[in-house]
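# Results of the structural survey
Listed below, chain by chain, are the residues.
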Amino acid sequence: MITLYGAGANFGVPEVSPYVTKTEVHLRMAGLPYVKEAAMPQLSPKGQLPWLDDDGELIADSHFIRLHLEKKYAVDFDEGLSLAERAQAWAIERMVENHFGWTLAHVRWLIPENYAKGPAQFFAALPPALQEDMRRDIQGRVAENIRATGVGRHSEAEILSLGVRSLAALSALLGAKPFLMGCRPSGVDAVAFGMLAGLMAPYFDAPIRERAMSFGNLVAYVDRMMAGVYPEFDWAPLAPARETMAA
């Protein structure tokens, strides 16, 4: 039995964490049965989500979970890709996770209105006397992490320009293809979809979301992935029907 530990549905997406989304999409792509449990990051072996319990074997971090699934279940999420294409997929994954992902964190955690209706609500079950202290403490830690990556050292305009450049790169790489590496989804689609869906879901307002919605092929891509991977989720398509069909 595989148990996936994540944050759960919220903020207009089936899974709050794009990294948990990545793992959940990989499980669904592989056709592996699993159950999902909500958990706090500090309970993980690495202090972060996701982690997996696979018949008593604990695997933390979405990348190492992927390697575990590929090895144990003989799955190749990049089946059909050449060595050069696999390298390109890895480069895209690093851009999305290690750089662009901090743009999404900035949107959720450091825009006051978004934080108030989003991550701040994680602490609503705590005693009132503790809630504000926890909210300030955790928000401060996230801000430090964003600054440590370099993204948080820039102005709002500069962060926006970096995010848009990554969006433009993803849009150019996707082109008219249904998926990033061609006609069938591969491992990197789980990564890109998780980040883009988290940004485009109409729960949070931010200039970067407005710019993201201007990339028609990326919008249609998110709708396509959502319909294919989470057909049970109540998702209102972002792209006009004609655009989704034409992409």
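Before reading on, note that the structure itself is shown above.
Now for a description of the structure that goes with this document.

### As for the layout of surface pockets
- Space inside the largest pocket adds up to approximately 1,400 Å³.
- Considering the residues around the largest pocket, the lining is formed by 41 residues, among which Pro41, Gln48, Leu49, Trp109 and Val142 are closest to the centre.
- Broken down by secondary-structure element, the contributors of at least two residues to the lining of the largest pocket are helix 1 (18-30), helix 2 (62-72), helix 3 (83-109) and helix 5 (128-148).
- Broken down by class, the residue content of the lining of the largest pocket amounts to 24 nonpolar, 11 polar and 6 charged.

### Topic: the pattern of salt bridges
- Following the criterion strictly, the structure yields 17 salt bridges and no others.
- For lysine 72, the salt bridge goes to aspartate 54, with nearest N and O atoms at 3.3 Å. Residue lysine 72 is found in helix 2, and its partner aspartate 54 is found in strand 3 (residues 51-54); the two are separated by 18 residues along the sequence.

### Here's the deal with the packing of aromatic side chains
- Summed over all chains, the structure comprises 8 aromatic pairs.
- Pairing tyrosine 5 with tryptophan 51 gives two aromatic rings, centres 4.4 Å apart and planes at 10°, and the pair type is stacked. Residue tyrosine 5 is located in strand 1 (residues 2-6), and its partner tryptophan 51 is located in strand 3; the two are separated by 46 residues in the primary sequence.
- With relative accessibility at 7%, the residue tryptophan 51 sits in the buried group.
- Look at phenylalanine 11 and phenylalanine 204: their rings are 5.0 Å apart centre to centre, the planes differ by 65°, and that puts the pair in the edge-to-face class. Of the two residues, phenylalanine 11 sits in the loop between strand 1 and helix 1 while phenylalanine 204 sits in the loop between helix 7 (187-200) and helix 8 (207-212), which places them 193 residues apart along the sequence. The residues phenylalanine 11 and phenylalanine 204 share a single accessibility class, namely buried.
- One aromatic cluster is present, formed by Phe11, Trp109, Tyr115, Phe122, Tyr203 and Phe204 through successive ring pairs.
- We note arginine 94 situated over the ring of tryptophan 90; from NZ or CZ to the ring centre the distance is 4.5 Å.

### Thoughts on empty space enclosed by the protein
- Applying the stated criterion to the full structure yields 1 cavity of 30 Å³ or more.
- What lines the largest cavity is Val13, Pro14, Glu15, Val16, Thr21, Arg108, Phe193, Gly194, Ala197, Gly198 and Tyr230.
- The leading source of residues in the lining of the largest cavity is helix 7, at 4 residues.
- Each residue belonging to the lining of the largest cavity can be placed in one class, and the counts come to 6 nonpolar, 3 polar and 2 charged.

### As for the sheet that holds strand 4 (residues 57-60)
- Taking strand neighbours across the sheet as the criterion, the 4 strands line up as 2-1-3-4 in an open arrangement whose pairing is mixed. Because the sheet does not close on itself, it has two edges, and the strands there are strand 2 (35-38) and strand 4. This sheet shows a mean twist of 20° between the axes of neighbouring strands, independent of strand direction.
- By the bridge criterion, 4 bridges tie strand 1 to strand 3 in an arrangement that is antiparallel. For tyrosine 5, the partnering residue across the bridge sits in strand 3 and is tryptophan 51.
- Of the strands in this sheet, strand 1, strand 2 and strand 3 touch helix 1, which is tilted by about 155° from strand 1.
- Here helix 2 sits on the sheet in contact with strand 3 and strand 4, set at roughly 135° to strand 4.

### Let's talk about the pairing of strand 2
- Strand direction decides the pairing type here: strand 1 and strand 2, joined by 4 bridges, are parallel. The residue of strand 2 that forms the bridge with threonine 3 is valine 35.

### Quick word on unusual backbone geometry
- Cis rather than trans, the peptide bond between leucine 49 and proline 50 has omega equal to 0°.
- Within the secondary structure layout, proline 50 lies in the loop between strand 2 and strand 3.
- Its identity as a non-glycine residue notwithstanding, aspartate 55 has a phi of 50°, on the positive side.
- Here aspartate 55 lies in the loop between strand 3 and strand 4.
- The class for aspartate 55 is exposed, based on a relative accessible area of 58%.
- The backbone of alanine 74 shows a phi angle near 55°, a positive value even though the residue is not glycine.

### A short note on the packing of helix 1 against helix 7
- Interhelical geometry of helix 1 versus helix 7 gives an angle of 140° and a closest axis separation of 8 Å. Taken together, the axis directions place helix 1 and helix 7 in an arrangement best described as oblique. Taken as a pair, helix 1 and helix 7 cross one another with a handedness that is right-handed. Where helix 1 abuts helix 7, its residues Pro18, Tyr19, Thr21, Lys22, Val25, His26 and Met29 lie against Gly187, Ala190, Val191, Phe193, Gly194 and Met195.
- Per-class residue counts for the contact of helix 1 with helix 7 are 8 nonpolar, 4 polar and 1 charged.

Calculation criteria
Residues numbered from 1 in each chain as written. Predicted model: local features only at pLDDT ≥ 70, side-chain atom pairs only at ≥ 80, totals over all residues. Heavy atoms only, no water. 1 Å grid on protein atoms, 1.4 Å probe; cavity = no way out; pocket = protein on both sides within 12 Å on 5 of 7 lines; lining within 4 Å. Points joined across faces, edges and corners; volume = space filled by probe spheres on them. Helix = DSSP H or I, 4+ residues; strand = E, 2+ residues; numbered from the N terminus. Nonpolar A, V, L, I, M, F, W, Y, C, P; charged D, E, K, R; others polar. Salt bridge = Lys/Arg side-chain N within 4 Å of Asp/Glu carboxyl O. Phe/Tyr/Trp six-rings, centres within 6.5 Å; stacked < 30°, edge-to-face > 60°. Buried < 20%, exposed > 50% of the residue type's maximum accessible area, 1.4 Å probe, protein only. Lys NZ or Arg CZ within 6 Å of the ring centre and 35° of its normal. Pairing = 2+ DSSP bridges. Axes fitted to C-alpha atoms, helices over the stretch in contact; angles between N-to-C directions. Contact = heavy atoms within 4.5 Å. Parallel < 35°, antiparallel > 145°, perpendicular 65-115°, else oblique. Left-handed = near helix turned anticlockwise from the far one by under 90°.

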